[in-house]
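Residue-level structure breakdown
Next come the chains, spelled out residue by residue.
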Amino acid sequence: RKEEILLEMSEEEFNLRCTWDFKFFASRFFSKRFGYDPQSFHMEWIEAAENNRRVVIEACPGFGKTTMMGVAYPLWKLYNNPGFVVPVISKSLGQSTMILDLIKRCVYDTPILNDLLPSKPDIDNRTTLRLTDDRVLYCKPNSDNIRMVQADLLIADEVAQYTNGPIFKRDVASRVNSKHGTLIAISSPVHETDFQQELKNTPGYKTVSTRATLDGRLPSDGGKSIWESKFPTNYLKTIDLEGVSAF
């Protein structure tokens, strides 16, 4: 219910706070859906996105890359900015539509957010979400078919899996140029020469690498979990023993 989101605030006070406080926005709208509030390392990602035009976010599976940066962050920008355009790019159209479906559920099912829906929403459109005041979110595969889109924010999900780097650099990354927008590439590493590593070494990209432990040591070497409430250190030790390298 709307009252559970606003709590004791007026809508005017609430909306004003949402204009500048991502953590407040995400906690009020998504803590129950996601099962957690933004953590300090999530806020490091937000800070990087707010202060750089091209950002690579590298983190372990399950640490909220897609939910925070592929869902909550784009919705925060759309909520506060009429006319805002966000394409979400994945290796395949199927992957990107999964993210769009999650964003749609957040908008359709959440009071206040669903005020952004037009009077006659296009419910059956699998690749586009159109909101009031010319706000648009697209999902696209990594291909040259995105050339007509001019983006304020572009989210590239799981870029380590991309196999056509030249198309991304030439046809996808350039979509933010005309509007002086922001590109955020998010992924868990796949191998030492994957496309994410290539982007990290590309001039102009700010990289934020989030390890599963506070000091970067493996749990078996005394490393403590960076997110103890969701990934307790003892649990990380069992993953460590299984030979998982993405710490």
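First things first, this report covers the structure right here in the doc. Residue numbering note: each chain is counted from 1, following its sequence as written. In view of the model being predicted, local features appear only for residues whose pLDDT reaches at least 70, and side-chain atom pairs are presented and counted only at 80 or more, with totals across whole chains, interfaces and linings using the full set of residues. Note that water and hydrogens are dropped before the side-chain values are worked out from all heavy atoms of the structure.

What about the sheet that holds strand S7 (residues 206-210)?
Should DSSP find at least two bridges between two strands, the strands are regarded as paired. The way it works is that DSSP assigns letters per residue, a run of H or I at least four long becomes a helix, a run of E at least two long becomes a strand, and they are numbered from the N terminus. Taken together, seven strands build an open sheet; the order of strands is S3-S4-S2-S5-S6-S1-S7 and the sheet is mixed. If you trace the sheet from one side to the other, it starts and ends with strand S3 (128-130) and S7, each paired once. Here the strands of the sheet are splayed against their neighbours by 15° on average, with no regard to which way each runs. As paired strands, strand S2 (residues 85-90) and strand S5 (residues 153-157) are joined by two bridges and run parallel to one another. Along S5, the bridge assignment pairs valine 88 with isoleucine 155. The contact rule is simple, with two residues in contact once any of their heavy atoms fall within 4.5 Å. Note on geometry: axes are lines fitted to C-alpha atoms, helical ones only across the stretch in contact, with angles between N-to-C directions running from 0 to 180 degrees. Packed onto the sheet, helix H6 (residues 93-109) meets S2, S3, strand S4 (136-141) and S5 and runs at close to 160° relative to S4.

Quick word on the pairing of S5
Throughout, exposure labels follow a simple rule: accessible area from a 1.4 Å probe, protein chains only, divided by the maximum for the residue type, with under 20% read as buried, over 50% as exposed, and the rest as partly exposed. For S5, the buried fraction is high: five of the five residues fall into the buried class. In S5, alternate side chains face the same way, and those of Leu153, Ile155 and Asp157 on one face and Leu154 and Ala156 on the other are all buried. As judged from the five bridges shared by S5 and strand S6 (residues 182-187), these two strands associate in the parallel manner. If you follow aspartate 157 over to S6, its bridge partner there is isoleucine 186. For crossovers, right-handed means that the path from the first strand over the helix to the second runs clockwise, given strands pointing away from the viewer. On the question of chirality, the crossover connecting S5 to the parallel S6 by way of helix H7 (residues 165-172) is right-handed.

Some words on the environment of arginine 54
Structurally, the position occupied by arginine 54 is in strand S1 (residues 54-59). In this structure, the C-alpha to C-alpha distance between arginine 54 and asparagine 114, residues 60 residues apart in sequence, is 30 Å. If we ignore the near neighbours within four places in the chain, the residues touching arginine 54 are Ala173, Ser174, Val176, Asn177, Leu183, Gly204, Tyr205 and Lys206. For this analysis, a polar contact is any N or O atom pair within 3.5 Å, provided that within protein one partner can donate a hydrogen and the other can accept it, and provided that sequence-adjacent residues contribute only side-chain to side-chain pairs. Separated by 3.0 Å, the side chain of arginine 54 and the backbone oxygen of alanine 173 make a polar contact.

Some words on the packing of aromatic side chains
Only rings of Phe, Tyr and Trp enter the pairing, Trp through its six-membered ring, and a pair is recorded when the two centres are within 6.5 Å. The plane angle decides the type: under 30 degrees is stacked, over 60 is edge-to-face, the rest tilted. Applying the stated criterion to the full structure yields 23 aromatic pairs. Ring geometry for phenylalanine 63 against tryptophan 227: centres 5.8 Å apart, planes inclined by 65°, an arrangement best described as edge-to-face. Placement of the pair is phenylalanine 63 in the loop between S1 and helix H5 (65-80) and tryptophan 227 in the loop between S7 and helix H9 (233-241), with a sequence separation of 164 residues. Across this residue pair, the class does not change: phenylalanine 63 and tryptophan 227 are buried.

A look at the nonpolar core
Take the buried residues of types Ala, Val, Leu, Ile, Met, Phe, Trp, Tyr and Cys, join any two whose side-chain atoms come within 4.5 Å, and each joined set is a nonpolar core. Of all hydrophobic cores here, the largest spans 58 residues; its most connected members are Phe30 and Met69. Here the element with the most residues in this core is H5; it accounts for nine residues. Ignoring any residue separated from it by four or fewer positions in sequence, one finds phenylalanine 30 in contact with Phe25, Gly35, Tyr36, Ala72, Leu75, Cys106 and Leu113.

Focus: the pairing of S1
With six of its six residues buried, S1 lies for the most part within the structure. Sheet analysis places S1 next to S6, joined by five bridges and oriented parallel. Bridge pairing in S6 places isoleucine 57 opposite isoleucine 186. Sheet analysis places S1 next to S7, joined by five bridges and oriented parallel. Within S7, the position partnered with alanine 59 by the bridge is threonine 210.

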